[in-house]
Amino acid sequence: MPLKIGIIHNNEAKSLKVYEDLLLLLAKNNDFAIVERDPELVITIGGDGTLLSAFHRYSHKLDTVRFLGVHTGHLGFYTDWRDYELEEMVNSLCSDRDKSVSYPLLDVVVNFEDGRHKHFLAMNESTVRKGNRTMVADVYIKDELFERFRGDGLSISTPTGSTAYNKSVGGAVVHPSISAMQLAEIASLNNRVFRTLGSPSIIGPAEWIEIFLNTDGKHMVTIDQLDVSGGGIRSIQYKIAEERIHFASYKHMHFWHRVKDAFIRED
C-alpha cells in the first residue's frame, strides 16, 4: 500500500518552491500517495511554527500519524531535513516506515465560571497572563495549595517546549525522554509581603497543576500559537497528556545536538 503523505507549508517563496520540488519527487514513486485526509505521515515545510500548525491540525489523530519537518528558515528546532536534502529524504521514506520517536505533550483544560470547559493539547507550552495588570493566582499541585502567585503570568511547558518561551523566562532545558512538565514564573513579585518560589519547578507524570485566577477581568491563556482570552476563566488545569507526538526518525537529530546547534554553535 502507498504511504499516505500530507504536506503543510507556509507561504514564503522558498517554502513554496520546496513544496513544488517535493511534489515532483514524490510523484515519481508509486510508494507514495498525497492526501489531505487521514495521512500516515505529515511533512511540514517551513519552520517550527509550521510544524506546530500541523500538529494542531492533526492532534485528533496522533495515534496514527507521524510528523517530519523540512527546514527553510533560520532556526528549526523540530525540523530534521534541510531544503537541499529533498532527494535524500524521499529516498529514506521507502524504508523503515514504522520507525519513530515520540515526545510528551501537555493536556490543558480551561474551566469557566459558567461551567464550560475547553480542552487542548500543547506541543510547546501554555501561558496564563492578565493584560497590563498584575495577575494574582493560587497555584495548586496535586490538589494542594503550593503558592499564591503575583506577577505578569505563568508558563507551563513540555520538555520539547523547554527550549522555547520557557527558556526565555529562565526555565531549565529538559530532555524529552523525561515525561514531565515545567512551571516557570513570568516576572513574579517577590518582597517582604509577597513571596513565591522564584525558580522553575519540574512536575512529574503522576501530578498535575491547577491555576485558580483570583483577579477579575480579562485573562489570556495561550496554547502554543492558539489563545483563549476574555472574562469568566475560573481555572486552568495541566497534566502530562496520555497522547504523544510521533516524529518519523529517518534522520532524527540528537536532542542535545539540536540544543547546541540552536543556541551555542557559531556559524
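Not measured: the values here are computed from a predicted model.

1. A look at the nonpolar core
Right, on to step 1. In terms of nonpolar packing, the biggest core is built from 27 residues, with V108, I211, V221, I236 and Y238 touching the most fellow members.
Right, on to step 2. Those elements giving two or more residues to this core turn out to be strand 6 (100–112), strand 7 (117–122), strand 9 (135–141), strand 10 (144–157), strand 11 (181–188), strand 13 (209–213), strand 14 (219–223) and strand 16 (233–248).
Right, on to step 3. With sequence-adjacent residues up to four places away left out, Y238 is seen in contact with L106, D107, V108, S126, V128, I156, M181, W208, I209, I211 and V221.

2. Remarks on the UniProt feature "active site" (unreviewed entry) in the protein chain
Right, on to step 1. Using the residue numbers shown here, the UniProt feature "active site" (unreviewed entry) corresponds to D48.
Right, on to step 2. Structurally, D48 is set in helix 2 (residues 48–57).

3. A look at the pattern of salt bridges
Right, on to step 1. If you walk through the whole model with that rule in mind, you get six salt bridges.
Right, on to step 2. A salt bridge links R258 to D80; the shortest N-O distance between them is 2.3 Å. Highlighted residues: R258 in helix 5 (residues 255–263) and D80 in the loop between strand 4 (66–71) and strand 5 (81–82), separated in sequence by 178 residues.
Right, on to step 3. For R258, a relative accessible area of 5% puts it in the buried group.
Right, on to step 4. Classification of D80 by relative accessible area gives buried; the value is 5%.
Right, on to step 5. Here D138 makes a salt bridge to R148, at a shortest N to O gap of 2.7 Å. A residue pair is termed long-range when its members are at least 10 positions apart, and D138 in strand 9 and R148 in strand 10 qualify at ten residues.

4. A look at the pairing of strand 14
Right, on to step 1. The buried fraction of strand 14 is high, at four of five residues.
Right, on to step 2. Bridge count for strand 8 (residues 125–129) against strand 14 is four bridges, and the pairing is antiparallel. Residue R129 lies in a different strand from strand 14, and its bridge partner there is M220.
Right, on to step 3. Where strand 14 meets strand 15 (residues 226–230), five bridges bridge the pair, whose relative direction is antiparallel. Within strand 15, the residue paired with H219 across the bridge is G230.
Right, on to step 4. Hairpin geometry of strand 14 and strand 15 is characterised by an intervening segment of two residues between the two adjacent antiparallel strands and by a positive phi of about 55 degrees at D224.

5. Regarding the environment of I245
Right, on to step 1. On the secondary structure map, I245 appears in strand 16.
Right, on to step 2. Under the relative-accessibility criterion, I245 is labelled buried at 1%.
Right, on to step 3. Counting along the chain gives 184 residues from I245 to K61, while the straight-line C-alpha distance between them is 9.8 Å.
Right, on to step 4. Leave out the neighbours within four places in its chain, and I245 touches F55, F67, V101, S102, Y103, L105 and M123.

6. As for the environment of G198
Right, on to step 1. With respect to the helices and strands, G198 occurs in the loop between strand 11 and strand 12 (201–203).
Right, on to step 2. Sequence separation between G198 and S188 is ten residues; the distance between their C-alpha atoms is 7.2 Å.

7. Here we look at the side chain of N124
Right, on to step 1. The topology assignment puts N124 in the loop between strand 7 and strand 8.
Right, on to step 2. Residues in contact with N124, not counting those within four places in the same chain, are L52, Y78, S157, T158, T160, G161, A164 and D224.

8. Some words on helix 2
Right, on to step 1. Burial runs high along helix 2: seven of the ten residues are buried.
Right, on to step 2. Within the span of helix 2, buried status applies to D48, T50, L51, L52, A54, F55 and H56.

9. Digging into the pairing of strand 6
Right, on to step 1. For strand 6, the tally of buried residues reaches ten of 13 residues, placing the bulk of the element in the interior.
Right, on to step 2. Alignment of strand 6 against strand 16, held across twelve bridges, turns out to be antiparallel. Among the inter-strand pairings, D107 is bridged to a residue of strand 16, identified as K239.
Right, on to step 3. Sheet analysis places strand 6 next to strand 7, joined by six bridges and oriented antiparallel.

10. Notes on helix 5
Right, on to step 1. Restricting attention to buried positions, one finds in helix 5 the residues F255, R258 and V259. Down the axis of helix 5, the buried set is contained in an arc of 100 degrees. They therefore lie on one face.

11. What about the environment of S162?
Right, on to step 1. Mapped onto the elements, S162 comes out in the loop between strand 10 and helix 4 (165–168).
Right, on to step 2. Through-space distance from the C-alpha of S162 to that of Q182 is 7.6 Å; in sequence the pair is 20 residues apart.
Right, on to step 3. If near-sequence neighbours (up to four positions away) are discounted, S162 is found in contact with S157, K167, A172, V173, V174 and Q182.
Right, on to step 4. Here the side chain of S162 touches P159 through a polar contact of 2.5 Å, landing on its backbone oxygen.

Quick notes on the rules
- For every chain, the first residue of the written sequence is number 1, and numbering continues from 1 along that sequence.
- Totals for whole chains, interfaces and linings use every residue, but because this is a predicted model, local features are given only for residues with pLDDT of at least 70 and side-chain atom pairs only at 80 or more, for both listing and counting.
- Water and hydrogen atoms play no part in the side-chain values, which are based on all heavy atoms of the structure.
- Residue types Ala, Val, Leu, Ile, Met, Phe, Trp, Tyr and Cys, when buried and joined through side-chain atoms within 4.5 Å, form a set referred to as a nonpolar core.
- When a residue's accessible area, from a 1.4 Å probe over protein chains only, is under 20% of the maximum for its type it is buried; when over 50% it is exposed; and in between it is partly exposed.
- Secondary structure elements follow DSSP: runs of H or I of four or more residues count as helices, runs of E of two or more count as strands, with numbering from the N terminus.
- By definition in these notes, contact holds between two residues if any of their heavy atoms fall within 4.5 Å.
- UniProt positions are given in the numbering used here, feature names are shortened, and annotations may be inferred rather than shown by experiment.
- Counted as salt bridges are all cases of a side-chain nitrogen of Lys or Arg within 4 Å of a carboxyl oxygen of Asp or Glu.
- Only strands joined by at least two bridges in the DSSP assignment are considered to pair.
- The arc in question is traced by the directions running from the helix axis to the C-beta atoms.
- Any pair of N or O atoms that falls within 3.5 Å is considered a polar contact. Within protein, one atom must be able to donate a hydrogen and the other to accept it, and sequence-neighbouring residues count only if both atoms are side-chain atoms.

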